Structures are given as C-alpha cells and as structure tokens.
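# Coordinates in review
As a plain string of letters, each chain reads:
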Amino acid sequence: MDGFEEGKKKISEAVIRRLPRYYRFLSELQGRNVERISSKELSRSMGITASQVRQDLNQFGGFGQQGYGYNVDYLRREIGRILGLNQTYTMIIIGAGNLGRAICNHQNFDRRGFHIAALFDIDPKMTGKEINRVPVYSMDFLETYLRENRADIAALCIPSSRAQEVAMLLCGCGIKGLWNFSSIELRVPEQVKVENVRLTESLMTLSFAIKEAGGPQ
C-alpha cells in the first residue's frame, strides 16, 4: 500500500495507518457515552500531537469546529465510511491450523463487517469440521466454492512455500483482497490488494524499542 485517493487528493500511507486507531479510540469513547472530544484530548489517546490529529482529519474535510471539537458519533461514522466499514465483506481463510483457527474464533470481525464464511485446508481430517460454526472444506473444493459463492477477502494462513501459488488461484477466482500472513511478498495483479501481516517483524520492532530503553533486565 503506497497511499490512497480521496477525491483527487493523495492521502499518505501513514495517515491511512492511523485511521483504524482513530476508529478504535472513538468506538471506546462512544461506548462510554462521550459525545464530544477535542483534538488535544484525542491526541493524548493516540500518542501524537493535537496538530497532527487536525492535519490527519483535515485530509478528509476536517469534521470539527474550532473551539467546539469533534462529535464522537459523527467522526466515528465518517472514519468508518472512509475505511469502507459501511459495507460488509465476506472473507475466507486458507489454512485451518492454529493461526487460521484463532482468526476464525475472533469475536470482533462480524461486528466490524467482516463475515467469515469458510475455511479451507489440505488436511483431510479437518474436512467437514466446523470452527466457531464456520465450515472447513478441502482445498480441492476451493475453486468450485468460489464459483458458487461470493468472497471478497482471503486470509492466507499457510506456509510461504505455497502462498504465491494459492494467491494466484484466488486472484483468478475473483478475490479482491489478500490478508497475507506468510513471510513472502506476493506478486498479484494490480487490482488485487494485499495487506501483509508480519508478526515476526512486529516483534523485532518491539525488540528494538526495548533495546533503546535499556534492554531486557
């Protein structure tokens, strides 16, 4: 991901990466029945400056009034719209191992508009089972399933050695987005969007932060 077009304006990836955090904090505020928040108060939750908050939100029109702050419900709804959360996405999971099962058992996806419809695995012992009421199918059934059922996103929870091959199969079957948990950089058609999740890299970043703070004791 290298940016996003909102109207004719190019939005930086850094801003896009912060939008889900804004959405999460605003959801927490809404749950506490907070109706209004200032950029300064929001900045404290985000760990950035109030000026950065205003700059970020001004990329999309501002949403606030000077001296009046932001309406929490309205801002949350508008950020959800920008993120596409006013739509429902159907997701399948490739790989019913520990990671695939953990994703399937996560309770938040449906509430955010991501409906997990099916899992696929090469292990014949998994075929016919259900995980959190989601059926597990054989990988041999994947193409047939996608011809007969809508799926927008596929989560790739499989070894890196198979990820590229399976990704191209999914692209050929009309998948619009790949949530890639493998360690390789996928080569896919431009119209298919990829979000890479690098758990080890994230842990290495945390390691760097601990080292800079004095290292493990």
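Residues numbered from 1 in each chain as written. Predicted model: local features only at pLDDT ≥ 70, side-chain atom pairs only at ≥ 80, totals over all residues. Heavy atoms only, no water.

With that out of the way, let us pick up the state of the cysteines. This model, assessed by the stated rule, comprises zero disulfides. No disulfide involves Cys171; its sulfur sits 9.3 Å from the nearest other cysteine sulfur, which is in Cys173. (Disulfide = S-S within 2.5 Å.)

Moving on, we come to the packing of aromatic side chains. A complete count under the given rule lists eight aromatic pairs for this structure. Ring centres of Tyr137 and Phe141 lie 5.2 Å apart, and the angle between their planes is 50°; this geometry places the pair in the tilted category. The lysine or arginine in question, Arg24, covers the ring of Phe25, its NZ or CZ lying 4.9 Å from the ring centre. (Phe/Tyr/Trp six-rings, centres within 6.5 Å; stacked < 30°, edge-to-face > 60°. Lys NZ or Arg CZ within 6 Å of the ring centre and 35° of its normal.)

So, on to helix H8 (residues 199-212). Given 3.6 residues to a turn, an α-helix orients residues that are three or four positions apart in the same direction. Over its 14 residues, H8 runs 20 Å from end to end, which matches the ideal 20 Å to within 8%, given 1.5 Å per residue. With its phi angle positive at about 125°, Gly214 sits one or two positions after the end of H8. (Helix = DSSP H or I, 4+ residues; strand = E, 2+ residues; numbered from the N terminus. Expected span 1.5 Å × (residues − 1).)

All right, on to the sheet that holds strand S8 (residues 130-131) then. Pairing is mixed in the open sheet, where seven strands are placed in the order S8-S9-S7-S6-S10-S11-S12. Of all the strands in the sheet, the pair left with one neighbour each is S8 and strand S12 (193-196). Taken together, the four bridges between strand S11 (residues 177-180) and S12 define a ladder with parallel strand orientation. In the strand pairing of S12, Trp179 is matched with Glu195. (Pairing = 2+ DSSP bridges.)

Now for unusual backbone geometry. In this structure, Asn33 is a non-glycine residue whose phi angle is positive, near 65°. By secondary structure assignment, the location of Asn33 is in the loop between helix H1 (13-31) and strand S3 (36-37). Assessed through its relative accessible area of 66%, Asn33 is described here as exposed. Within the chain, Arg133 stands out as a residue other than glycine whose phi angle is a positive 70°. Mapped onto the elements, Arg133 comes out in the loop between S8 and strand S9 (134-138). (Buried < 20%, exposed > 50% of the residue type's maximum accessible area, 1.4 Å probe, protein only.)

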